[in-house]
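# Descriptive analysis of the structure
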Amino acid sequence: MGNVKGVELREVTPSDVDRIYGWVIKPWYVNEFAGNAIPTPETHRAYFDNVFKSGACYLAVEYDGVHIGCAGVKYIENGHGEGWWYIGDESMRGRGIGSALIAQLVNYAELELGLSSMHAYVLETNIACRRALEKNDFVLGSDKFGKLKNVQSVRYDLDFALKHGKKCSSSA
């Protein structure tokens, strides 16, 4: 799937499930990212059984060959999808990996999924993620999009044609 600054994306496999569980039960994930539900080992495995059966776009993020997080594209419709990601290995944060991860996910969405645009939601207070989105040509949406844990979230959008410098022209 390509390599940008040591970051690789690959499909999640059953051997990744236990590692991911270790991330999604941590307070940072539950309190800041995913809501209030803490999965049990059984509900976590059942969730991934469904992921594997459905063929959902759920990717492992690797840095220098080590699985450090997850990413994907959801709500795919009419050539557009919503990107999501997280770096589960907290020791790998703050190294600029997020920008490379987003670049890889954009390439994957365009080249592998055939999308023409995507968006992402981010907490207004997550300045590092917002900068990473902007480095990857995402533009801030015009409205606020609700709150998670009493923190405002904002939407960023990316049109792949505009990213490549192509202008849309109206036909007569």
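Below: a short report on this structure. Values in this document were obtained by computation on a predicted structure and should not be read as measured data. (Residues numbered from 1 in each chain as written. Predicted model: local features only at pLDDT ≥ 70, side-chain atom pairs only at ≥ 80, totals over all residues. Heavy atoms only, no water.)

## A short note on the pattern of salt bridges
This model, assessed by the stated rule, comprises six salt bridges. Its salt-bridge partner being Asp16, residue Arg10 comes within 2.8 Å of it at the nearest N-O pair. A relative accessible area of 2% places Asp16 in the buried class. Where salt bridges share partners, they join Arg10, Asp16, Arg19 and Glu62 into one cluster. (Salt bridge = Lys/Arg side-chain N within 4 Å of Asp/Glu carboxyl O. Buried < 20%, exposed > 50% of the residue type's maximum accessible area, 1.4 Å probe, protein only.)

## What to know about the packing of helix H4 (residues 97-111) against helix H5 (residues 127-135)
Closest axis-to-axis distance for the H4/H5 pair is 9 Å, and the angle between their directions is 45 degrees. On the basis of their axis angle, the class for H4 and H5 is oblique. Seen from above, H4 lies across H5 with right-handed handedness. Of the residues in H5, those in contact with Gly98, Ser99 and Ile102 of H4 are Ala132, Leu133 and Lys135. Residues of the contact of H4 with H5, tallied by class, amount to three nonpolar, two polar and one charged. (Axes fitted to C-alpha atoms, helices over the stretch in contact; angles between N-to-C directions. Helix = DSSP H or I, 4+ residues; strand = E, 2+ residues; numbered from the N terminus. Parallel < 35°, antiparallel > 145°, perpendicular 65-115°, else oblique. Left-handed = near helix turned anticlockwise from the far one by under 90°. Contact = heavy atoms within 4.5 Å. Nonpolar A, V, L, I, M, F, W, Y, C, P; charged D, E, K, R; others polar.)

## Quick look at the packing of aromatic side chains
By the definition in use, this model includes eight aromatic pairs. For the pair Tyr29 and Tyr86, a centre-to-centre distance of 5.3 Å together with 70 degrees between the ring planes defines the contact as edge-to-face. Taken together, the residues span a long stretch of sequence, with Tyr29 in helix H2 (residues 27-34) and Tyr86 in strand S4 (residues 80-87) at a distance of 57 residues. When sorted by exposure, Tyr29 lands in the same class as Tyr86, which is buried. For the pair Trp84 and Tyr86, a centre-to-centre distance of 6.3 Å together with 25 degrees between the ring planes defines the contact as stacked. (Phe/Tyr/Trp six-rings, centres within 6.5 Å; stacked < 30°, edge-to-face > 60°.)

## Focus on the side chain of Ser99
Mapped onto the elements of the fold, Ser99 is located in helix H4. With a relative accessible area of 15%, Ser99 lands in the buried category. Residues in contact with Ser99, not counting those within four places in the same chain, are Ala132, Lys135 and Asn136.

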